[in-house]
Amino acid sequence: MPYNAQFTPIPTLLPPPKSAQWKDGFLDWNIARFEADSRGMPAGEHVCSQTDNSIAHDQGYYLKISEDGITIKSRTESGARLAFQTLRQIALQSDERGMRMVEISDYPDLEVRGFMLDISRCKVPIMDELSRLLDKLALFKYNRLELYTEHTYAFSGHEIVWADASPMTKSKYARLQKLCDFAGIELVANMNGLGHMERWLRYPQYAHLAESKAPFIDPLGTVRKFPTTLYPDKSALDFMDGLYAQFLPNFSSDKINIGGDEPWELGMGRSKERCKNEGKYRVYIDHILGLRSLCAARGKKEIYFWADVLMQNAEYSKLLPEDMIPVLWGYYLDHPYEEQCSKMRELGRTFLVAPGTNTWNSFGLRWDCALGNIKTACDCAKKYGAKGMILTQWGDGGNHQPWCAMMPPIALAAAQAWSGDIPEDKVCTALDKLVFSDSTGEFSRSLCALGRVDPVQKLRCFHHKMFFASGKEAETAAKEYTPAKFDEMEAALDFAMSLAATSKMRCRDAEICLCEVALAAEMIKWAIARARGDFYVSTTQQQVSLKFIVSEFARVWLARAEFGGLTESLDRIKKISPEIFAV
C-alpha cells in the first residue's frame, strides 16, 4: 500500500507557532540535513537563512521546508536562532522519510522568557546537568537564564561561607557563558543583597553586618536560627560591592537581579529608629538604590529586583529610575497578579512576572497549582504590557524534590509565554517526544499524576509536612484528613507509578528520572504510613524504610548535583529519627 502522509501525525511543536501550514510531502534527509554553525546559527548546504526586515517582530521568523530545502527569514539573529529550535523539534520527530514540509510564521507574545534556578538551597547541579537543562530551555525557546545565588560562588577571602557548598567558580561560569552564547540564551547575574543573607550572617566574621540577632520567627512561621537581613548602611553596600567585584565579571549581560525580597527583620533591629523616622519603605528604597549604583558602576544597565516589598506601597516606585525593573513574584493560585500588573501599568513601569514550578516543599510537584499560577501570571503579563516572564525553580526546605519534576512546568510556561493556552495532553506529548523520548507517552503523564497525589496545592504538600514533622506535629497534622483520604492519596500515587513503570524512555537520563520518581514515591508512602499512626517512627518497618530513603537519596542526588549541600539536605531527613542514624 502506498504511503499516505495525511495519516502520519503532525509534529508537536512547543510552544505552538502562530501559523503552521503542514504539507503532505517530506524533504529527504540528503537535502534536509542542517546544523548549527560556530555561533549557534542555522547552517547547511540546503539551508538559506536571510535577513528580512518585513518580519515585524524582532524575535519573529518565517520557516519553510520544501522540496528546494530549508528557508529561514528573520529580522534579527534572535529570530533565526528561534527558527533553528523549531527545525530541531521537527527533526526530533521525523523518521527515515525526512522532515515534513511546512510553512511557519511565528513570533513570541512576551519578549523575555526566562528561567531562574535556585542553586543556593543545597543543590548545585554538575556542569553536564546544567548543559542538558540549557539545551532543553533553548529548545522550548527560553531566552534568559538566572542562577539564584546567595553564597554558592567561590568568593576569594570568604571561603568559610562556601567551603562545603561545591560552589560555582570562574571557570564554570566561563563554560556556562559559552554554552549560553551558543544557545542564544542570555545569562543574567542574580545575587541577593539585603534579605536571605543567613548563609553569611551565621558566621561571627559577618555578624556586624546583620540588622538584628536571631532566633526569630519569619512571616511563614519558620523559626530562623540565624539573622537573614543586612543592616542597610554603607558597610553593607561596601560589603556587596566587594562581592560584585568578583561575581559580575563572569557575565557578559548588562543586566542583574539584585534580589531585595523578604527582608524580614528590616525595622526590627538596628534600623528601627531610622524606619520610624524616615519610613520603612524609604530605608528600603535607599538601600536598593545603593545596590543599583554599585551595579551601574560595573556596567549593568538594567537592574531587576523582587517586588514584594515595593508592592506593599507601589507609589514608592516613583523614587526609582527607569532602569530599575520590578519582578512581580507569586507562586500560588490566589496571587493578585491582576491587581499588581494593573498597578505597574498605571505607574508606567516596565516589569516582569515570576510564577513558579511549584516543585519545592514537595516530593513531586503541585501540578494544578503550577498550571493555574503560570497561566494567570502570563495572561496578566500580556494584558498589562509586561516585558516578560521568569519561571522560578526554588529549593526551599532542602531541595528534596525530583529534578525531572520541573519539566512539565517548564514546558507549560514556555507555551504560555509564547502563544497562550495549551492543553495538558499537548504539554505531555511534547515532553515525551522532545525531552524524554518516551514512545509510550506515559512518563510525562506520570509526573503530572505525581503532582496530583497530594490534596494540598499551596506552600507545603501534606506529605512533605508530615514527613518532616516532629512526633507531636505529625499527630496533630494527621487529624486534618480521614483514613479514606490517605487511601485516595495512595491510590493516586500507585496510578502515577504505574504510568512511570510502563514508560520506555530513551533519553540520556532515563534511568535517573525513573530513580527520582521511585524515590519520591517511597518518601510519599513513608509519610502516609506515618500519618496512619506511626507518628514517632517507632516501628521497625518505618525505621528501615527511612534508612533506605537516606541511602537512595544520596545516590540519586549525586547523579545530577555536586556533593556540597547533600549533607545538609540529608541531615534534615535524619533529624526525623536521629537515634537510628547514631549507630
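You'll find the structure just up there.
Residues numbered from 1 in each chain as written. Predicted model: local features only at pLDDT ≥ 70, side-chain atom pairs only at ≥ 80, totals over all residues. Heavy atoms only, no water.

## Let's talk about the overall build of the chain
What the chain contains, in helices and strands, is 20 helices and 17 strands. Against the 2.2 N^0.38 benchmark of 25 Å for 583 residues, the chain shows a C-alpha radius of gyration of 25 Å, consistent with a compact globule. If one aligns the C-alpha atoms of the chain with their principal axes, the spans along those axes are about 75 × 60 × 45 Å. Within the chain, buried positions represent 58% of all 583 residues. Across the chain, the fraction of contacts at a sequence separation of at least 24, relative to all contacts at a separation of at least 6, is 76%. Carbon and sulfur atoms provide 51% of the accessible area of the chain, an area that totals close to 23,300 Å². Distance between charge centroids for the chain: 2 Å, based on 70 positive and 75 negative side chains. (Helix = DSSP H or I, 4+ residues; strand = E, 2+ residues; numbered from the N terminus. Rg over C-alpha atoms; globule rule 2.2 N^0.38 Å. Buried < 20%, exposed > 50% of the residue type's maximum accessible area, 1.4 Å probe, protein only. Contact = heavy atoms within 4.5 Å. Areas by Shrake-Rupley, 256 points an atom, 1.4 Å probe, with all protein chains shown as cover. Lys, Arg positive; Asp, Glu negative; His and termini not counted. Charge placed at Lys NZ, Arg CZ, Asp CG, Glu CD.)

## Concerning the packing of aromatic side chains
Taken as a whole, this structure holds 26 aromatic pairs when the rule is applied. For the pair Trp-200 and Tyr-206, a centre-to-centre distance of 5.4 Å together with 90° between the ring planes defines the contact as edge-to-face. As far as the burial class goes, Trp-200 and Tyr-206 line up, both buried. Among the aromatic side chains, those forming a connected cluster through ring pairs are Tyr-153, Phe-155, Tyr-173, Trp-200, Tyr-206, Phe-239, Phe-247 and Phe-251. Just above the ring of Trp-360 sits the side chain of Arg-366; from NZ or CZ to the centre is 5.7 Å. (Phe/Tyr/Trp six-rings, centres within 6.5 Å; stacked < 30°, edge-to-face > 60°. Lys NZ or Arg CZ within 6 Å of the ring centre and 35° of its normal.)

## Some remarks on the sheet that holds strand E15 (residues 324-329)
In any sheet, the strands associate via hydrogen bonds between backbone groups, in a parallel or an antiparallel arrangement. As summarised here, the arrangement of the 8 strands in space is E8-E9-E10-E13-E14-E15-E16-E17, forming a closed barrel in which the pairing is parallel. Neighbour to neighbour, the strand axes of the sheet diverge by 25° on average, direction disregarded. Here strand E16 (residues 352-354) pairs with strand E17 (residues 388-393) via 2 bridges, running parallel. Note on E17: the bridge partner recorded for Leu-352 is Gly-388. Contacting strand E8 (112-118) and E17, helix H12 (residues 407-418) runs over the sheet at an angle of about 170° to E17. (Pairing = 2+ DSSP bridges. Axes fitted to C-alpha atoms, helices over the stretch in contact; angles between N-to-C directions.)

## Quick notes on the packing of helix H18 (residues 510-531) against helix H19 (residues 540-560)
With their axes 10 Å apart at the nearest point, H18 and H19 run at an angle of 155° to one another. Of the possible angle classes, the one that applies to H18 and H19 is roughly antiparallel. Along this stretch, H18 crosses H19, giving a crossing that reads as left-handed. On H19, the residues that touch Ile-512, Cys-513, Cys-515, Glu-516, Leu-519, Glu-522, Met-523, Trp-526, Ala-529 and Arg-530 of H18 are Gln-542, Ser-545, Leu-546, Phe-548, Ile-549, Glu-552, Phe-553, Arg-555, Val-556, Ala-559 and Arg-560. For the contact of H18 with H19, the per-class residue count stands at 13 nonpolar, 2 polar and 6 charged. (Parallel < 35°, antiparallel > 145°, perpendicular 65-115°, else oblique. Left-handed = near helix turned anticlockwise from the far one by under 90°. Nonpolar A, V, L, I, M, F, W, Y, C, P; charged D, E, K, R; others polar.)

## Overview of helix H20 (residues 566-574)
What H20 keeps buried is the set Leu-566, Ser-569, Leu-570 and Ile-573. Projected down its long axis, H20 carries its buried residues within an arc of 95°, all on one side. For H20, the secondary structure elements touched by its buried residues are helix H15 (462-468), H18 and H19. (Arc of directions from axis to C-beta.)

## Looking at the pattern of salt bridges
Under the criterion given, the structure shown has 44 salt bridges. Among the ionic pairs, Arg-274 bridges to Glu-278, the shortest N-O distance being 3.9 Å. With a gap of 4 residues between them, Arg-274 and Glu-278 both fall in helix H8 (residues 272-278), about one helical turn apart. Residue Arg-274 is classed as partly exposed on the basis of its relative accessible area, which comes to 21%. Residue Glu-278 is classed as partly exposed on the basis of its relative accessible area, which comes to 41%. Connected through shared salt-bridge partners, Glu-129, Arg-132, Asp-509, Glu-516 and Arg-560 make up one network. (Salt bridge = Lys/Arg side-chain N within 4 Å of Asp/Glu carboxyl O.)

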